[in-house]
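Structure assessment
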Amino acid sequence: MPSVIQVRPQAACATVEELSKKTVKLADGAELPLIGLGTWESSKGEVEAAVSAALNAGYRHFDCAPVYRNEHEVGRALAHGGVPRSELWITSKLWNDRRRPADVREALEQTLASLQTDYLDLYLIHWPVVWARNTVMKPDSLASLAECWRTLEALVDEGKVRHIGVSNFGEVELAALLSTARIKPAVNQIELHPRLPQTALVEYCQRNGIVVTAYSPLGRGTLKGANMLSSPTVQELAARHAVSPAAVLLRWNLQRGVVVIPKSTNPGRLAANLEEPWRFALSADEPLALDGVPHILLADAKACLRCMRRLQEIISKAALA
Ligand SMILES: NC(=O)c1ccc[n+]([C@@H]2O[C@H](COP(=O)([O-])OP(=O)(O)OC[C@H]3O[C@@H](n4cnc5c(N)ncnc54)[C@H](OP(=O)(O)O)[C@@H]3O)[C@@H](O)[C@H]2O)c1
């Protein structure tokens, strides 16, 4: 059932100074560029050219993960891009089946080798789950998020990662982590756009000094039937401000003090994503109210339904046999 979500366009979390610097300060004073390049589902053979084009367009922040299976290509482009390592912000993530100390260290070494760097600016726990090594969704009773976090803290001490954070964490998981962490998570990366504003979670993070990064900030563009960019509300605002619909969605998050990491492998679109959001501002009388279900949730729900139907078939056949 579609729902209408009313969102304040300006939660006024980003200061004018931060917006004008195009960075947000982390708790330790480090500056994270507010716009970065996403690299998920950037196909093999495409992502290297996209990262090179992004460097030329001025991107300095790159969002990666080993589960995207393209870190070595991203690494090649970054290594040959002519931008000093000290000017780049590279984020990567620790996949769900690497929670034990030795596995965390091994995963980081693989990521560093693929990305051709000797440190990460930010290393995130990809999801708040603990799977056994090389499994999908099989819990590992001998590992825990708390122990995994302690290993990440040690990696900060050793200089292999500059900051550590989390992704897809809700308030409950964050509160548990905050109660035991020696080093607070610097960032929580979550799905955020006008169809999934998660305002309470964004405010919880910001109250606790955790910078929020929006993944899928374009609602996945037109990928696999996603359609937020063609929403009449977004189109109307884009026409009014003479920018693209993508810029409207990116600006909406930026004005909440939220970092955005839109993915594009198209040189024109990725350049526009970095430049257009700074050309205009959404005002308080331009509420972004969008109908519909977030695309990722919809895709997950459809996949669940397919699984349930398949299960039902198997159960029915077993009952007849
Ligand atoms: N932590 C997590 O669990 C998690 C989950 C999902 C994503 N992420 C990260 O967040 C990044 C972004 O999210 P996402 O890739 O899911 O979706 P997204 O950035 O919301 O949308 C990407 C889609 O939008 C298109 N697009 C980009 N710029 C556009 C523009 N200006 N106009 C029209 N279409 C445009 C892209 O196509 P073209 O390439 O053809 O331009 C692509 O199909 C990912 O790449 C990944 O790095 C993290």
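About the criteria used
Residue indices follow the written sequence of each chain, beginning from 1 at its first position. Reporting of local features is limited, given that this is a predicted model, to residues whose pLDDT is at least 70; pairs of side-chain atoms are given and counted only at 80 or more, and all residues count toward the totals for whole chains, interfaces and linings. Every helix listed is a DSSP run of H or I at least four residues long, and every strand listed is a run of E at least two residues long, numbered separately from the N terminus. What counts as a contact here is a pair of residues whose C-beta atoms, placed from the backbone, lie within 7 Å. For this analysis, nonpolar core means a set of buried Ala, Val, Leu, Ile, Met, Phe, Trp, Tyr and Cys residues linked through C-beta atoms within 7 Å. Any residue with 12 or fewer other C-beta atoms within 10 Å of its own C-beta is exposed, any with 20 or more is buried, and the rest are partly exposed; the C-beta atoms used are placed from the backbone. Here a strand pair is declared whenever DSSP counts at least two bridges between the two strands. When the strands point away from the viewer, a crossover counts as right-handed if the route from the first strand across the helix to the second turns clockwise. UniProt positions are given in the numbering used here, feature names are shortened, and annotations may be inferred rather than shown by experiment. To obtain an axis, a line is fitted to C-alpha atoms, over the contacting stretch when the element is a helix, and the angle between two such axes runs from 0 to 180 degrees between their N-to-C directions. Put simply, a crossing is left-handed when the front helix is turned counterclockwise from the back one by less than a right angle, and right-handed when it is turned clockwise. Throughout, the ten residues Ala, Val, Leu, Ile, Met, Phe, Trp, Tyr, Cys and Pro are labelled nonpolar, Asp, Glu, Lys and Arg are labelled charged, and all others, Gly among them, are labelled polar.

1. Re the environment of Ser167
With respect to the element layout, Ser167 can be found in strand S8 (residues 161-167). Here the alpha-carbon distance between Ser167 and Asn188, two residues 21 residues apart in the chain, equals 5.0 Å. With near-sequence residues (within four places) excluded, Ser167 lies in contact with Lys93, Leu124, Ile125, His126, Trp127, Asn188, Gln189 and Ile190.

2. Topic: the nonpolar core
Core analysis: the largest hydrophobic core is formed by 68 residues, its most contacted members being Val51, Tyr123, Val211, Val212, Val259 and Val260. Among the elements that line this core, the one with the most residues is helix H9 (residues 245-254), at seven residues. The residues touching Val51, leaving out its near neighbours within four places in the chain, are Leu37, Phe62, Val74, Ala77 and Leu78.

3. Focus on the pairing of strand S10 (residues 211-215)
With respect to burial, S10 is a largely interior element, five of its five residues being buried. Bridge analysis of strand S9 (residues 187-191) against S10 gives five bridges, and the strand direction is parallel. Each bridged residue has a counterpart across the sheet, and for Gln189 the counterpart in S10 is Thr213. The parallel pair S9 and S10 is bridged by helix H7 (residues 199-207), and the resulting crossover is right-handed. Note: S10 against strand S11 (residues 259-260), two bridges, orientation parallel. The residue bridging Thr213 from the neighbouring strand is Val259, located in S11.

4. A look at the UniProt feature "binding site: substrate" (unreviewed entry) in the protein
As annotated in UniProt, the feature "binding site: substrate" (unreviewed entry) corresponds to His126 in the numbering used here. Inspection of the secondary structure assignment puts His126 in the loop between strand S7 (120-125) and helix H5 (145-157). Dropping the residues within four chain positions of it, His126 is found in contact with Ala65, Val67, Lys93, Leu94, Trp95, Asn96 and Ser167.

5. Observations regarding the sheet that holds strand S5 (residues 61-63)
Taking strand neighbours across the sheet as the criterion, the eight strands line up as S4-S5-S6-S7-S8-S9-S10-S11 in an open arrangement whose pairing is parallel. Since the sheet does not close on itself, it has two edges, and those belong to strand S4 (37-38) and S11, each with one partner. Alignment of S8 against S9, held across two bridges, turns out to be parallel. Each bridged residue has a counterpart across the sheet, and for Ser167 the counterpart in S9 is Gln189.

6. Here we look at the packing of helix H2 (residues 47-57) against helix H3 (residues 71-79)
Relative orientation of the contacting elements H2 and H3 amounts to 35°, with a least axis distance of 8 Å. The hand of the H2/H3 crossing is right-handed. In this structure, H2 contributes Val47, Glu48, Val51 and Ser52 to the contact, and H3 contributes Glu73, Val74, Arg76, Ala77 and Leu78. Of the residues in the contact of H2 with H3, the class split is five nonpolar, one polar and three charged.

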